[in-house]
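# Inside the fold
Next come the chains, spelled out residue by residue.
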Amino acid sequence: MPAFKGKEMRMRLRFTKMHGCGNDFILVNESAGASQERKRGERAGAEREVAIPEERRGDVARALCRRRFAVGADGLIFLCEPSSSAYDFRMRIFNADGTEAEMSGNGIRCAAKFAFEHGVAPRKMRIQTEGGLRVAEVLKEKCEEAEEEAEGKNGSAGGVVGRTSLVRVFMGKPVFKCVDEPFKVKGSGMKGSGEEFEEVRLSVLSVGNPHAVMLVDSFEGLDVSALGRRISSLPAFPEGVNVNFVALRSKNEAESSEGAVGAAEAEGVAEIQVRTYERGVGETLSCGTGSTASVLALHRLGILDARKPVRVLTRGGVLTVELREDGAYLTGPATEVCEGTVEISF
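Please read all numbers here as calculations on a predicted model, not as lab measurements.

Further remarks concern the pairing of strand β4 (residues 89-95). Two faces, one strand: in a regular strand the side chains alternate between the faces of the sheet. Burial runs high along β4: 6 of the 7 residues are buried. Here 2 bridges tie β4 to strand β6 (residues 124-129), and the two strands are oriented parallel to one another. If you follow Arg90 over to β6, its bridge partner there is Gln128. Strand direction decides the pairing type here: β4 and strand β5 (residues 100-101), joined by 2 bridges, are antiparallel. Bridging across to β5, Phe94 finds its partner in Glu100. Connecting the antiparallel pair β4 and β5 is a turn made up of 4 residues, with Gly98 showing a positive phi of about 95°.

Set out below in structure tokens:
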């Protein structure tokens, strides 16, 4: 039973465990429909569920996300009532360290799948996030292609538990802070390296949350967690930044790999590989906003043409990013793993 410091309070919490390409979340439904369902359960004799106090949400996230000691996840998502009727619901997300994030590209697909299947929102929905309006659409409720990707093709990891849906999210337009500028970082980021200072070149932008994108020749020997932590801690990023390391894959490389059909047709670049250090979490198997930011940064650099769908290979699966006139779109799987109830005390 996860415990917290402070005044003792015990409560039962219903949750759904979900993931998007291995980026996993504990989802708690606090929408109006869920509140009515809880009241009906209480009248039927079920144990009363207490709402999580606002000041304790970070504590709850930190406790429940601890792997091997609790449910375990990269983050905790709350589906809440929106501030106005302009939205179908509000999504709030807390990282594993208890900090609240503005947005999550993988998390919002999970929230959209849950909301549609539980009657919280229609198939195409308007979601209020701390990073602004996002529009999501459940394209396929049962997506065999997405399940095959998640089962380990194209270098991805892990198997599928539960039903997978394909969800597309309008991510808005990026806001660039800098493109391919030098930053001094202590340590090279290579495994076994010393503490020398090294210059890295970063493109920094926001897609609802902050990202830094760095091109690498390969991931061999690269300590993503160590270098990502150093970059995220730079004085230039007082609130931290998500750090994405991107390796290019040529069209020939992509076509010769299994399952590469449908790769982007950009000249010389068919798809990219991305590994992400997420502030407040560490390296995750996949990052939806990081994949989006990486494609948009490479588009700005003229390395690829994001006006055609670009496949992004993450350690947990494959995502697709496309830049249209109104902004960027992220498409990928969302999978429900299980439902449960946990008792917490704080």
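So, about the packing of aromatic side chains. Across all of its chains, the model carries 3 aromatic pairs by this definition. Their ring planes at 55° and their centres at 5.2 Å tell us that Phe170 and Tyr329 sit as a pair that is tilted. With a gap of 159 residues between them, Phe170 in strand β8 (residues 164-172) and Tyr329 in strand β17 (residues 327-345) connect regions that are remote in the sequence. Neither Phe170 nor Tyr329 differs from the other in exposure class; each is buried.

This part covers the confidence of the model for the protein chain. Scored by pLDDT, the protein chain has a mean of 85; 77% of the residues are at 70 or more. Low pLDDT, under 50, characterises residues 153-157; the stretch is placed with 20 contacts to residues that sit more than four places away or in other chains. In this model, residues 257-268 is a region of pLDDT below 50 whose contacts with residues beyond four sequence positions or in other chains number 27 contacts.

Below, the discussion takes up the environment of Ala115. Within the secondary structure layout, Ala115 lies in helix α3 (residues 105-117). Along the sequence, Ala115 and Val138 sit 23 residues apart, while their C-alpha atoms lie 10.0 Å from each other. If we ignore the near neighbours within four places in the chain, the residues touching Ala115 are Leu79, Phe89, Val120, Ala121 and Met125.

All right, on to the environment of Leu248 then. Here Leu248 is to be found in strand β12 (residues 242-250). The exposure class assigned to Leu248 is partly exposed, which follows from its relative accessible area of 36%. Counting along the chain gives 26 residues from Leu248 to Val274, while the straight-line C-alpha distance between them is 8.9 Å.

For the rest of this paragraph, the subject is a nonpolar patch on the surface. A cluster of nonpolar side chains, namely Leu215, Leu248 and Leu301, defines an oily patch on the protein surface of about 210 Å² accessible area. Relative to the assigned elements, Leu301 resides in the loop between α7 (288-300) and β15 (310-314).

When the charged atoms of two side chains lie near each other, side chains of opposite charge can form a pair. Per the counting criterion, the structure on display carries 21 salt bridges. Of the charged contacts, one joins Arg307 and Asp305 as a salt bridge, the two residues approaching to 2.9 Å between their closest N and O atoms. Residue classification places Arg307 among the exposed residues on the basis of a relative accessible area of 58%.

This brings us to the nonpolar core. Counting residues in hydrophobic clusters, the biggest one holds 48 residues, and the most contacted among them are Phe89, Met91 and Met125. Here this core takes 7 residues from α3, the largest share from any one element. Residues contacting Met91, with those up to four places away along its chain left out, are Ile77, Phe78, Met103, Ser104, Gly107, Ile108, Ala111, Ile127, Gln128, Thr129 and Glu130.

So, about the pairing of β6. With 6 bridges connecting them, β6 and strand β7 (residues 132-140) associate as antiparallel partners. Considered in β7, the bridge of Gln128 is made with Leu133. In this structure, the hairpin formed by β6 and β7 is closed by a connection of 2 residues.

Calculation rules
Residues numbered from 1 in each chain as written. Predicted model: local features only at pLDDT ≥ 70, side-chain atom pairs only at ≥ 80, totals over all residues. Heavy atoms only, no water. Buried < 20%, exposed > 50% of the residue type's maximum accessible area, 1.4 Å probe, protein only. Helix = DSSP H or I, 4+ residues; strand = E, 2+ residues; numbered from the N terminus. Pairing = 2+ DSSP bridges. Phe/Tyr/Trp six-rings, centres within 6.5 Å; stacked < 30°, edge-to-face > 60°. pLDDT = per-residue confidence, 0-100. Contact = heavy atoms within 4.5 Å. Patch = residues over 30% accessible without salt bridge, like charges linked within 9 Å, V, L, I, M, F, W, Y side chains within 5 Å. Areas by Shrake-Rupley, 256 points an atom, 1.4 Å probe, with all protein chains shown as cover. Salt bridge = Lys/Arg side-chain N within 4 Å of Asp/Glu carboxyl O. Core = buried A, V, L, I, M, F, W, Y, C linked by side-chain atoms within 4.5 Å.

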